[in-house]
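Residue-level listing of the chains:
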Amino acid sequence: MIYPDAHLHCASLIKGKLVFDKDGSLRDAIAQGLFLLKVPEYLDLEPGIKLCREFYLPATDHTNYGGFRQQTDIYFDREHFQTEHLLVDKSRWAGRLPCAVVQMAQVMDAVGQVIFQAALWELGVAEHLWHRISGGAVTGEGTHWFAASHYRPERRLPGCAEHRDTGFVTLLYTRQPGFEAFIGGQWQSIAPVPGCFIVNFGACLEALSGRLALPARAIEHRVRECPAVPKGEDRFSFATFINPPACGDLYELQPQGELLRLMSVEAFLRRFNQFTWQDRHTTFGIESVPAPDAAHE
Ligand SMILES: O=C(O)CCC(=O)C(=O)O
Ligand SMILES: [Fe+2]
């Protein structure tokens with residue numbers, strides 16, 4: 001099946017502010033659910049790329065980027081899909097990820113917070129509510145994930161499940177095709193643009209803004225089956241996600257400005273895990289599994 005390629009607006013960070021190219025705006029991007037962001041020139045993505053190429057390989061003496069398959073509290077084999085991934089909460093980045101990856105993830109996470117704040121301004125959410133509605137995630141508290149994904153071409157399965165990201169803002173980097181988003185009532189391919197992140201909004205932001213004049217869209221997306229590329233490399237991606245804490249609540253802002261509590265984040269994540277991946281990791285993001293004895297060097 002051939003899908004049309006979607007046109008996405010493109011933004012940059014200029015002096016720490018989110019600025020869109022002339023034909024686009026944050027308003028359009030919020031309504032569409034995703035946009036492209038030029039990778040800031042001070043951000044080196046090589047550590048993330050190296051991790052994606054190596055995390056699933058056996059550990060060796062020469063590198064600390066491999067040997068993650070045994071670390072079952074942060075490594076997930078999605079059995080019904082091509083993807084296998086690392087998902088690591090910020091509280092574990094320093095102890096479990098190579099130093100250069102931690103530095104990169106911290107910058108990506110900070111960029112995500114700038115975008116999140118810009119989106120809250122645009123949506124008209126009063127600043128004194130930002131901390132409460134995000135469980136502090138808007139300024140670095142709450143849950144901040146780093147994910148590194150590898151798509152196993154030998155598996156004749158879809159790349160990754162159809163889903164909406166659960167949190168507020170996601171920054172995703174990939175170099176190979178395969179990402180598809182449900183835009184304008186149909187699936188559309190999102191071709192990777194060299195030097196750009198794909199930014200998308202998640203279910204917590206959609207829930208928060210559902211009754212406002214400008215409701216944010218948590219875009220439905222997936223990765224199609226990615227075949228082996230002769231002499232090419234396997235598909236990979238890495239991402240940071242900004243989420244409320246698992247012990248927090250999901251809110252809907254009312255048109256008059258008051259907050260309505262919808263449900264606990266825990267109940268929401270439990271449902272999401274069960275329906276999206278249909279595997280044994282139903283408490284992912286909710287229960288923290290004790291760390292193994294030896295931290296990853
Ligand atoms: O690998 C990709 O391009 C998408 C991955 C994704 O959607 C996710 O990790 O939430
Ligand atoms: Fe996603």
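Under an unreviewed UniProt entry, the protein has the name 2-oxoglutarate-dependent ethylene/succinate-forming enzyme and belongs to Pseudomonas kulmbachensis. Under Sequence similarities (unreviewed entry), UniProt gives the following word-for-word description of the protein: "Belongs to the iron/ascorbate-dependent oxidoreductase family." Taken verbatim from the UniProt record of the protein, the Pathway (unreviewed entry) comment is "Alkene biosynthesis; ethylene biosynthesis via 2-oxoglutarate."

**Student:** Explain the nonpolar core residue by residue, including any values.
**Tutor:** Leu18, Phe35, Leu51, Ile115, Phe146 and Leu205 are the most contacted members of the largest nonpolar core, which totals 70 residues. Element by element, the count of residues in this core is highest for helix α4 (residues 99-123), at 12 residues. When residues no more than four places from it in sequence are discounted, the contact partners of Leu51 are Tyr65, Phe68, Leu86, Leu97, Pro98, Val101, Phe146 and Ala148.

**Student:** Requested: an account of the sheet that holds strand β12 (residues 221-223), with residues and values cited.
**Tutor:** What the 4 strands build is an open sheet, ordered β7-β12-β9-β10; its pairing is antiparallel. Each having just a single partner strand, β7 (160-163) and β10 (186-189) make up the two edges of the open sheet. The mean inter-strand angle of the sheet, taken between neighbouring strand axes irrespective of direction, is 25 degrees. Where strand β9 (residues 179-183) meets β12, 3 bridges bridge the pair, whose relative direction is antiparallel. Residue Glu180 lies in a different strand from β12, and its bridge partner there is Arg222.

**Student:** So, the side chain of Ser149: which residues are in play, and what are the values?
**Tutor:** Tracing the chain through its elements places Ser149 in strand β6 (residues 143-151). By relative accessible area, Ser149 is classed as buried at 7%. With residues up to four places along the chain from it excluded, the contact list for Ser149 reads Cys52, Phe55, Thr83, Glu84, His85, Arg235, Phe236 and Ser237.

**Student:** For the coordination of the iron ion (ligand 2), give the residues involved together with the corresponding values.
**Tutor:** Distances from the iron ion (ligand 2) to its protein donors, namely His163 (NE2), Asp165 (OD) and His221 (NE2), fall within the range 2.1 to 2.2 Å. Every donor residue of the iron ion (ligand 2) comes from the same chain, spaced as H-x1-D-x55-H. A relative accessible area of 7% places Asp165 in the buried class.

**Student:** Quick one: what's the story with the UniProt feature "domain: Fe2OG dioxygenase" (unreviewed entry) in the protein, residue by residue and with numbers?
**Tutor:** Mapped onto the present numbering, the UniProt feature "domain: Fe2OG dioxygenase" (unreviewed entry) falls at residues 139-244. Summarising residues 139-244: 7% helix, 42% strand, and an end-to-end C-alpha distance of 11 Å.

**Student:** Would you mind going over the sheet that holds strand β13 (residues 236-243) in detail, with residue names and values included?
**Tutor:** The strand order β2-β1-β3-β11-β8-β13-β6-β5-β4 describes an open sheet built from 9 strands, whose pairing is mixed. Across the chains shown, the open sheet's two edge strands, defined by having one partner strand only, are β2 (17-20) and β4 (75-77). Across the sheet, the axes of successive neighbouring strands diverge by a mean angle of 25 degrees, strand direction being ignored. The sheet contact formed by strand β5 (residues 83-89) and β6 spans 7 bridges and is antiparallel. Directly across from Val88, in β6, lies its bridge partner Phe146. Strands in contact with helix α2 (residues 46-54) are β5, β6, β8 (169-174) and β13; relative to β13, the strand with the most contacts, it is inclined by about 115 degrees. Along the sheet, α4 contacts β1 (10-14), β2, β3 (34-38), β6, β8, β11 (196-201) and β13; its crossing angle with β13, the most-contacted strand, is approximately 50 degrees.

**Student:** If you had to explain the pattern of salt bridges to someone new, which residues and values would you point to?
**Tutor:** If you walk through the whole model with that rule in mind, you get 20 salt bridges. In this structure, the salt-bridge partner of Asp109 is Lys90, at a minimum N-O distance of 2.8 Å. Residue Asp109 is located in helix α4, and its partner Lys90 is located in helix α3 (residues 90-96); the two are separated by 19 residues in the primary sequence. Among the residues examined, Asp109 registers a relative accessible area of 2% and is labelled buried. A residue is classified by how much of its surface remains accessible, and Lys90, at 29% relative accessible area, is partly exposed. We note a salt bridge from Glu180 to Arg222, for which the minimum N-O separation is 2.7 Å. Taken together, the residues span a long stretch of sequence, with Glu180 in strand β9 and Arg222 in strand β12 at a distance of 42 residues. Here the two residues Glu180 and Arg222 agree in accessibility, since each one is buried. What emerges from the salt-bridge pattern is a single network uniting Arg69, Asp77, Glu84, Arg152 and Arg155.

**Student:** Tell me about the site of ligand 1, residues and numbers included.
**Tutor:** Taken together, Tyr151, His163, Asp165, Leu172, Phe179, His221, Val223, Arg235, Ser237 and Phe241 make up all the residues around ligand 1. Here an oxygen atom of ligand 1 and a side-chain polar atom of Asp165 are 3.1 Å apart. Protein contacts shield 92% of the accessible area of ligand 1, which totals 290 Å² for the unbound molecule. Taken together, the elements giving at least two residues each to the shell around ligand 1 come down to β12 and β13. Residues of the shell around ligand 1, tallied by class, amount to 5 nonpolar, 3 polar and 2 charged.

Thresholds, definitions, all that
- Once a new chain begins, its residue numbering starts again from 1 and follows that chain's sequence as written.
- Written order determines the labels here, with chains lettered from A and ligands numbered from 1.
- Reporting of local features is limited, given that this is a predicted model, to residues whose pLDDT is at least 70; pairs of side-chain atoms are given and counted only at 80 or more, and all residues count toward the totals for whole chains, interfaces and linings.
- Side-chain figures throughout are based on the complete set of non-hydrogen atoms in the structure, without hydrogens or water.
- UniProt positions are given in the numbering used here, feature names are shortened, and annotations may be inferred rather than shown by experiment.
- Residues enter a nonpolar core if they are buried and are Ala, Val, Leu, Ile, Met, Phe, Trp, Tyr or Cys, with the set joined through side-chain atoms within 4.5 Å.
- Three labels apply to residues, based on accessible area from a 1.4 Å probe with only protein chains included: buried if under 20% of the type maximum, exposed if over 50%, partly exposed otherwise in between.
- A run of H or I in DSSP counts as a helix once it spans at least four residues, and a run of E counts as a strand once it spans at least two, with each numbered from the N terminus.
- Note on definitions: a residue-residue contact is assigned when non-hydrogen atoms from the two residues lie within 4.5 Å.
- Note on pairing: DSSP must find at least two bridges between two strands before they are called paired.
- Helix axes use the C-alpha atoms of the stretch in contact, all axes being lines fitted to C-alpha atoms, and the angles between their N-to-C directions lie in the range 0 to 180 degrees.
- Listed donors are limited to N, O and S atoms within 2.8 Å of the metal, widened to 3.2 Å for Na, K and Ca; water is not among them, so incomplete-looking sites are possible.
- For this analysis, a salt bridge means a side-chain nitrogen from Lys or Arg found within 4 Å of a carboxyl oxygen belonging to Asp or Glu.
- Any residue with a non-hydrogen atom lying within 4 Å of a molecule or strand is treated as near it.
- Here a polar contact is taken to be a pair of N or O atoms separated by no more than 3.5 Å, where protein atoms must pair a possible hydrogen donor with a possible acceptor and residues adjacent in sequence count only if both atoms sit in side chains.
- Computed by Shrake-Rupley with a 1.4 Å probe, the accessible areas treat only the displayed protein chains as cover when residues are assessed.
- Charged means Asp, Glu, Lys or Arg here, nonpolar means Ala, Val, Leu, Ile, Met, Phe, Trp, Tyr, Cys or Pro, and polar covers whatever is left, Gly included.

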